[in-house]
Amino acid sequence: MPESLQACKMSISDRILSQRREKLAELRRLGVDPFANRFQPSHSIARIREQYDSLSGPELEGLQKTFQLAGRLMLLREFGKATFCHIQDGSGARIQAYAQKQVVGEEAFALFKKVDLGDIVGFEGTLFRTRTQELTLAVNKFTLLTKSLKPLPEKYHGLTDVETRYRQRYLDLMVNPQVREVFEKRSAVIRLVRQFLEGRGFLEVETPMMQPIPGGATARPFITHHQALDMTLYLRIAPELYLKRLVVGGLERVFEINRHSRNEGLSIQHNPEFTMLEFYQAYATYEDLMSFTEEIIAHVARTLLGTSKLQYQGQEIDLTPPWRRLDLRESLTAIGGIPREVVRDREALVALAREEGVTLRPGEGYGRALTKLFDLLVEGELQQPTFVLGYPLETSPLSRKSDTDPEVVDRFELFIAGREMANAFSELNDPDDQRQRFEQQLAAHQAGDEEMPHALDEDFVLALEHGMPPTAGEGIGIDRLVMLLTDSPSIRDVILFPQLRPER
RNA sequence: GGGCCGUUAACUCAGUCGGUAGAGUAUCUGCCUUUUAAGCAGAGAGUCGUUGGUUCGAAUCCAACACGGCCCA
């Protein structure tokens, strides 16, 4: 069968692949390595733009300077004896290049005619401006660096199919510049947070990702198994109990920025693994941490965006301190519309929670009803930054009891744009009280609550028995902070490889 | 787990009342030495997510399933 007829029967992707493989073979026949070993760019494209975008055509031509640039071919406009193309490099910037047969020579030009969109190429040349004043590299020498065997997504609309964007994030990054920007900002947020904490004398540490008893939060863990030790391990749901051991040991200001994993549902703001900053400061209280939180978040926003007033999903959010402080029970009345007498009446509130569809597990009562009703009625309304105070003891097993109200703990949660962004408290450092609260959690686990730890962390209690100074600690959700600062509606927009079901 | 929406060429999307599949980009061929989503002429390219069902006939109607999105739990 003639080759052309065979081609007719091929699907489009097969045909493009086979055409490109043919070119690959032909290049090899011509003695050209389609996966060249080494090319040293003299400049990134972003740097070229930074340095030379302001120069006029005559000024550029007066430079007498040769540049080596490398990048992926994103656009080709071919004429008979000349070609314009755009290349994009790791700096995210693009530049136009112009190759003329007359300049590069017949052989090199013939070779250049074989390149495809998506190939990675190296150019050597000088800078000039075209008639329309576009900064352009006049190519003297051309090197094919990497042959691409697959077509690029559409040049104008880019790639919009979210499933493909997540599954093949590299394509998303190639063609959607705003995606690269989000992840550059994510990196900057983490860098700024780290610098801020180091500036305040905090020590960065790493604690176990695999824990024999998953503690520090209420969540169902992922379970794994260590063969040599023949033991069950749990991917951590929080690093809290380890960081506090370090405070006992005298590391009085510690922080960790790392992944937590929780074996729960996925949503627009939940991924099974996500990134948190947790930090602990001895001789501080949760009140100190409120102003600390205002400072660090406002600092990151101002440095990153140049302002503390930002737009999130069409709404202005003002991060200028000080932020609103709101009592949990008060909020249920003021925002949730529940009469004060009902909020204060334990039985009436539990009954109301049930009416609202809240399921209370064994051992859960008034405290849980309060926080669940808050989640339902108040959380989404807290658009401007708000510290919520007065959390019930029942739902705060690691927090210090209030000195003035035994039913609540010294704790706050921070809400911005209707989402929990941070959770902080003065730490419980009474080992006997901690043991009792662990025992209650254990009882809840034994009653079937899989979000409670399966064993009592004796080792942590032992650490507390050695004495932990008065300490306050906090967790800040990095993904959610990045969502806020990049105006991203979904957590999947700020995680490079969000969890998806395998493709079939 | 439940509800709603989506899935058509490599990509971005049309596809009317059920009548046998369309455009742009990309690809291939030809022309073209300053283009700007370059242009002109031509060509090829489809398991309409999958599996069933209804029908003379299904991308289109129905059901189940898969994957994705949003909302709820």
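Residues numbered from 1 in each chain as written. Chains lettered and ligands numbered in written order. Predicted model: local features only at pLDDT ≥ 70, side-chain atom pairs only at ≥ 80, totals over all residues. Heavy atoms only, no water.

1. Observations concerning the packing of aromatic side chains
Where we set the bar: Each Phe, Tyr or Trp ring (for Trp, its six-membered ring) is paired with any other whose centre lies within 6.5 Å, and the angle between the two planes then decides the class: stacked below 30 degrees, edge-to-face above 60, tilted in between. Only runs of H or I of at least four residues qualify as helices and only runs of E of at least two qualify as strands under DSSP, and these elements are numbered from the N terminus. Buried, partly exposed and exposed residues are distinguished by accessible area as a fraction of the type maximum, computed with a 1.4 Å probe on protein chains only: under 20%, between the cut-offs, and over 50%, respectively. Consider the ring centre and the ring normal. A charge sits over the ring if Lys NZ or Arg CZ is within 6 Å of that centre and within 35 degrees of that normal.
Inspection of the entire model under this criterion finds 15 aromatic pairs. Consider the rings of F279 and F292, whose centres lie 5.1 Å apart with planes at 40°: the pair is tilted. Of the two residues, F279 is situated in strand β11 (residues 273–282) and F292 in helix α11 (residues 286–305); the sequence distance between them amounts to 13 residues. Here F279 matches F292 in class, with each residue buried. A connected cluster of aromatic rings, assembled from ring pairs, spans F79, F84, Y98 and F128. Between R245 and the ring centre of Y242, over which it is positioned, the NZ or CZ distance is 4.5 Å.

2. Some thoughts on the protein's contact with RNA strand B
Using the following cut-off: It suffices for a single heavy atom of a residue to lie within 4 Å of a molecule or strand for the residue to be listed as near it. What qualifies as a polar contact is a pair of N or O atoms within 3.5 Å, subject to a donor-acceptor requirement within protein and to the restriction that residues adjacent in sequence count only when both atoms come from side chains. Polar here means any residue other than Ala, Val, Leu, Ile, Met, Phe, Trp, Tyr, Cys and Pro, which are nonpolar, and Asp, Glu, Lys and Arg, which are charged; Gly is therefore polar.
Around RNA strand B there are 47 residues in total, and R77, Q96, T132, K155 and E163 lie nearest to it. Backbone sugar and phosphate groups make up 60% of those atoms of RNA strand B lying within 4 Å of the protein. One nitrogen or oxygen atom from the side chain of Q96 is found 2.4 Å from a base oxygen belonging to RNA strand B. A distance of 2.9 Å separates a base oxygen of RNA strand B from a polar atom in the side chain of Q102. Of all elements in the fold, only α2 (12–29), β1 (67–78), β2 (82–88), β3 (94–100) and α7 (162–167) reach the threshold of two or more residues within the surface near RNA strand B. For the surface near RNA strand B, a count of residues per class yields 18 nonpolar, 13 polar and 16 charged.

3. Some remarks on the sheet that holds strand β4 (residues 120–129)
Strand pairing in a sheet relies on backbone hydrogen bonds. The paired strands run either parallel or antiparallel. Spelled out, the test is: Whether two strands pair comes down to DSSP finding at least two bridges between them. Note on geometry: axes are lines fitted to C-alpha atoms, helical ones only across the stretch in contact, with angles between N-to-C directions running from 0 to 180 degrees. Contacts are assigned to residue pairs that have any heavy atoms within 4.5 Å of one another.
The five strands are arranged β1-β2-β3-β5-β4 in a closed barrel whose pairing can be described as mixed. Strand-to-strand twist across the sheet, computed as the mean angle between neighbouring axes with direction ignored, equals 55°. In the sheet, β2 pairs with β3 via seven bridges, with the strands oriented antiparallel. The partner of I87 across the bridge, within β3, is I95. Running over the sheet, helix α3 (residues 45–52) touches β1, β2, β3, β4 and β5 (135–146) and is turned about 90° from β3.

4. Examining the sheet that holds strand β18 (residues 471–477)
Taken together, eight strands build an open sheet; the order of strands is β6-β10-β11-β18-β17-β16-β15-β14 and the sheet is mixed. Only two strands of the sheet have a single partner each, and these edge strands are β6 (203–204) and β14 (324–327). α11 rests against β11, β14, β15 (386–389), β16 (411–416), β17 (419–426) and β18 of the sheet, and its axis sits at about 25° to β16.

5. Focus: the environment of P453
For P453, the position within the fold is in the loop between α16 (431–446) and α17 (458–465). The class of P453 is buried, set by a relative accessible area of 10%. For the pair formed by P453 and I95, sequence separation is 358 residues and the distance between their alpha carbons is 56 Å. With residues up to four places along the chain from it excluded, the contact list for P453 reads I213, P214, Q441, L442 and H445.

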